[in-house]
Amino acid sequence: MRNKTPQRHQNAPKKLLKIKIRKDDTIRVIAGKDKGKTGRVLHVDREKGKVLVEGVNTVKRHTRPNPAKGIKGGIAEREMPIHVSNVMIVTSGGVPTRIAYRVEGSGSTERRLRIAKKGGEQLDKK
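Report on the accompanying structure. Nothing here was measured: the structure is a model prediction, and the numbers come from that model. (Residues numbered from 1 in each chain as written. Predicted model: local features only at pLDDT ≥ 70, side-chain atom pairs only at ≥ 80, totals over all residues. Heavy atoms only, no water.)

### Focus on the overall build of the protein chain
- For the protein chain, the count of helices and strands is one helix and 10 strands.
- Going from N to C terminus, the protein chain has its helices and strands arranged as α-β-β-β-β-β-β-β-β-β-β.
- By the compact-globule yardstick of 14 Å for 126 residues, the protein chain is too spread out, its C-alpha radius of gyration being 19 Å.
- Principal axes of the C-alpha set define a box for the protein chain whose edges measure 55 × 45 × 30 Å.
- A burial count over the protein chain gives 21% of its 126 residues as buried.
- Put simply, 39% of the contacts in the protein chain that link residues at least 6 apart link residues at least 24 apart. (Helix = DSSP H or I, 4+ residues; strand = E, 2+ residues; numbered from the N terminus. Rg over C-alpha atoms; globule rule 2.2 N^0.38 Å. Buried < 20%, exposed > 50% of the residue type's maximum accessible area, 1.4 Å probe, protein only. Contact = heavy atoms within 4.5 Å.)

Put into C-alpha cells, the structure is as follows:
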C-alpha cells in the first residue's frame, strides 16, 4: 500500500520541471514500447514531466454511449502522455539531438534561441 502524503506537504507548491521540448516540435521516442516512432508534440505537462505526442503511445478506451452528450459508444484509440526523458527532439534533417541555448541580442532585446547540439541548427522558428 502506498504511503499517504503528510498533511504539511499536500499544499506545497508543485515544482515545475525544466522541459526544453515545446508544443509543435517534432520528436523521436528513444525508449519504451514505441521506440523509434516520430511525431508532433500536442501538449507539454511541466507539472508531471510528460508530453503528449501525435500517434505515439496509443491505447484503446472503452466508452459507454451517452445520447444526452452526443457520445457514441465503442472502442476508441487515443494517445497517452509519455515521459519527457523517453523522447528527443528531431532536427529538420531527421537527426535526434539534445538542446542547447544561445543568447542573441542584448539588453531589452535579448532572446534565448534553442540550438541543436548535433550540427548547431537553430530549432526555433523566427
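### Remarks on the pairing of strand S9 (residues 99-104)
- The pairing of S9 with strand S10 (residues 111-116) spans six bridges and is antiparallel. Bridged to Arg-102 within S10 is Leu-113. (Pairing = 2+ DSSP bridges.)

### Remarks on the sheet that holds strand S1 (residues 26-29)
- The six strands lie next to each other as S6-S3-S2-S1-S7-S8, forming an open sheet whose pairing is antiparallel. Looking at the sheet topology across the chains shown, the edges are occupied by strand S6 (82-83) and strand S8 (96-97).
- Direction of pairing for strand S2 (residues 38-45) relative to strand S3 (residues 50-53): antiparallel, over a ladder of four bridges. Looking across to S3, one finds that Val-41 is bridged to Val-53.

### Looking at the pattern of salt bridges
- Under the criterion given, the structure shown has seven salt bridges.
- With a shortest N-O distance of 2.7 Å, Asp-24 and Arg-40 are connected by a salt bridge. With a gap of 16 residues between them, Asp-24 in the loop between helix H1 (7-10) and S1 and Arg-40 in strand S2 connect regions that are remote in the sequence.
- Given a relative accessible area of 43%, Asp-24 falls into the partly exposed group.
- For Arg-40, a relative accessible area of 33% corresponds to the partly exposed category. (Salt bridge = Lys/Arg side-chain N within 4 Å of Asp/Glu carboxyl O.)

### Some remarks on a positive patch on the surface
- Taken together, the side chains of Lys-18, Lys-20, Arg-98, Arg-112, Lys-117 and Lys-118 make up a positively charged region of the molecular surface.
- Along the polypeptide, Lys-20 turns up in the loop between H1 and S1. (Patch = residues over 30% accessible without salt bridge, like charges linked within 9 Å, V, L, I, M, F, W, Y side chains within 5 Å. Areas by Shrake-Rupley, 256 points an atom, 1.4 Å probe, with all protein chains shown as cover. Lys, Arg positive; Asp, Glu negative; His and termini not counted. Charge placed at Lys NZ, Arg CZ, Asp CG, Glu CD.)

### Things to note about the side chain of Asn-57
- Along the chain, the position of Asn-57 falls in the loop between S3 and strand S4 (58-63).
- Judged by relative accessible area, Asn-57 falls into the buried class, the value being 16%.
- In this structure Asn-57 touches Lys-33, Asp-34, Arg-78, Glu-79, Met-80 and Pro-81, once residues within four positions along its chain are discounted.

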